[in-house]
Amino acid sequence: STESPKQYDNILVETKGKVGLITLNRPKALNALSSQLFVEINEALRSFDADKDIGAMVITGSEKAFAAGADIKEMKDNTFIDNYKKNFLGHWAEMTEIKKPIIAAVNGYALGGGCELAMMCDIIYAGEKAIFGQPEIKLGVIPGAGGTQRLVKAVGKSKAMEIILTGSVNLNATEALQYGLVSKVVPADQLVDEAVKTASKIASMGQPSVQMAKEAINKSFDVSLDAGLRWERIFFQALFGTADQKEGMAAFTEKRKPTFTNE
């Protein structure tokens, strides 16, 4: 898109080819996730989602911290009834409605809400010094934006229990890879480039098939195997109604590279 991206207070937004890059930018607070920061992440993601020239997004922080947690100063005086009426943290989940794939490029600390933000993305790449953890229990609370749900699906019950119940068993990058929380570990200074490279590869595919694949994979966490297989088959069948399928299969038989039009 030709227009320059909107200016935000807590994030930096740029485009790299067909990839939208969002950098969390509250350096003094180690990218602590304030309510406003999440409003901005959601807004930036939605505008990339609506931009026909963008096919995938990358979210990253600084080399020191992806995000060191939620903003404790902001929430420490909250009451239950206020939290309930305002649906506190509810808006964090809006990013899971985004159709295009999102890669988290995690350097340094991804603790508490930072770990939860990474897990709401579709793929996580870690820099060599990345640290993942859920220390909420030390503050007298529990993870509130998916930590108890997504972490157990990523690393299994025993490890998730250990991480969350102690608040101090963190995973370094190698352990995160070993447990399947992340899919790649990269030197810190190459991390964002590597994430953008993968996002570019995804963005070069036909968008209908990419977005249906993401939706189908996410469905697997919500529905029975039987229902998930049905969703998958319907999506597969539906894609034969797209120009991209005709082009992709023609290119294969003609031994050439496909030119997808996202139609």
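Under an unreviewed UniProt entry, the chain has the name Probable enoyl-CoA hydratase, mitochondrial and belongs to Phycomyces blakesleeanus. Recorded under Sequence similarities (unreviewed entry), the UniProt text for the chain is reproduced unchanged: "Belongs to the enoyl-CoA hydratase/isomerase family."

Some thoughts on the sheet that holds strand 4 (residues 65–67)
If you walk across this open sheet you meet the four strands as 4-6-8-9, and the pairing is mixed. Here the strands that pair on one side only, and so sit at the sheet edges, are strand 4 and strand 9 (171–172). In this structure, strand 8 (residues 131–133) lies alongside strand 9, joined through two bridges in antiparallel fashion. Considered in strand 9, the bridge of Ile131 is made with Asn172.

Some remarks on the packing of helix 4 (residues 113–120) against helix 5 (residues 147–155)
Interaxial distance between helix 4 and helix 5 falls to 10 Å at its minimum, and their mutual angle equals 60 degrees. When the axes of helix 4 and helix 5 are compared, the pair comes out oblique. In this structure, helix 4 meets helix 5 at a crossing whose hand is left-handed. Residues Glu116, Met119 and Met120 of helix 4 pack against Gly147, Arg150 and Leu151 of helix 5. For the contact of helix 4 with helix 5, the residue count by class is three nonpolar, one polar and two charged.

Structural notes on the packing of aromatic side chains
For the structure on display, the rule yields four aromatic pairs. The interplanar angle of 55 degrees and the centroid separation of 5.6 Å between the aromatic rings of Trp231 and Phe235 together place this pair among those described as tilted. One end of the pair, Trp231, and the other, Phe235, are both in helix 10 (residues 225–238), four residues apart, so they sit about a helical turn from each other. Taking relative accessible area as the criterion, Trp231 reaches 34% and is therefore assigned partly exposed. On the accessibility criterion, Phe235 (13% relative accessible area) is buried. Measuring from ring centre to ring centre gives 5.2 Å for Phe236 and Phe240, while their planes differ by 70 degrees; the resulting arrangement is edge-to-face. Residue Phe236 is classed as exposed on the basis of its relative accessible area, which comes to 51%. On the basis of relative accessible area, Phe240 is assigned to the partly exposed category, the value being 36%. Above the ring of Trp231, the side-chain terminus of Lys219 is found at 4.5 Å from the ring centroid.

Let's talk about the nonpolar core
Ranked by size, the top nonpolar core spans 47 residues in total, and within it Ile59, Phe132 and Leu181 carry the most contacts. Per element, the largest residue contribution to this core is six residues, and it comes from helix 1 (residues 35–50). When residues no more than four places from it in sequence are discounted, the contact partners of Ile59 are Ile22, Leu24, Ile41, Leu45, Phe66, Met95, Ile102, Ile103, Ala104, Ala105 and Cys121.

Observations regarding the pattern of salt bridges
In the structure shown here, the tally under the stated rule is 11 salt bridges. Across the pair Lys52 and Asp53 runs a salt bridge, and its minimum N-O distance is 3.7 Å. The shortest N-O distance in the salt bridge between Glu162 and Lys159 comes to 2.7 Å. Of the two residues, Glu162 and Lys159 are both situated in helix 6 (residues 157–166); the distance of three residues between them amounts to about one turn of the helix. Through salt bridges with shared partners, a single ionic network connects Glu247, Glu254 and Arg256.

What counts and what doesn't
Residues numbered from 1 in each chain as written. Predicted model: local features only at pLDDT ≥ 70, side-chain atom pairs only at ≥ 80, totals over all residues. Heavy atoms only, no water. UniProt positions renumbered as here; feature names shortened; annotations may be inferred. Pairing = 2+ DSSP bridges. Helix = DSSP H or I, 4+ residues; strand = E, 2+ residues; numbered from the N terminus. Axes fitted to C-alpha atoms, helices over the stretch in contact; angles between N-to-C directions. Parallel < 35°, antiparallel > 145°, perpendicular 65-115°, else oblique. Left-handed = near helix turned anticlockwise from the far one by under 90°. Contact = heavy atoms within 4.5 Å. Nonpolar A, V, L, I, M, F, W, Y, C, P; charged D, E, K, R; others polar. Phe/Tyr/Trp six-rings, centres within 6.5 Å; stacked < 30°, edge-to-face > 60°. Buried < 20%, exposed > 50% of the residue type's maximum accessible area, 1.4 Å probe, protein only. Lys NZ or Arg CZ within 6 Å of the ring centre and 35° of its normal. Core = buried A, V, L, I, M, F, W, Y, C linked by side-chain atoms within 4.5 Å. Salt bridge = Lys/Arg side-chain N within 4 Å of Asp/Glu carboxyl O.

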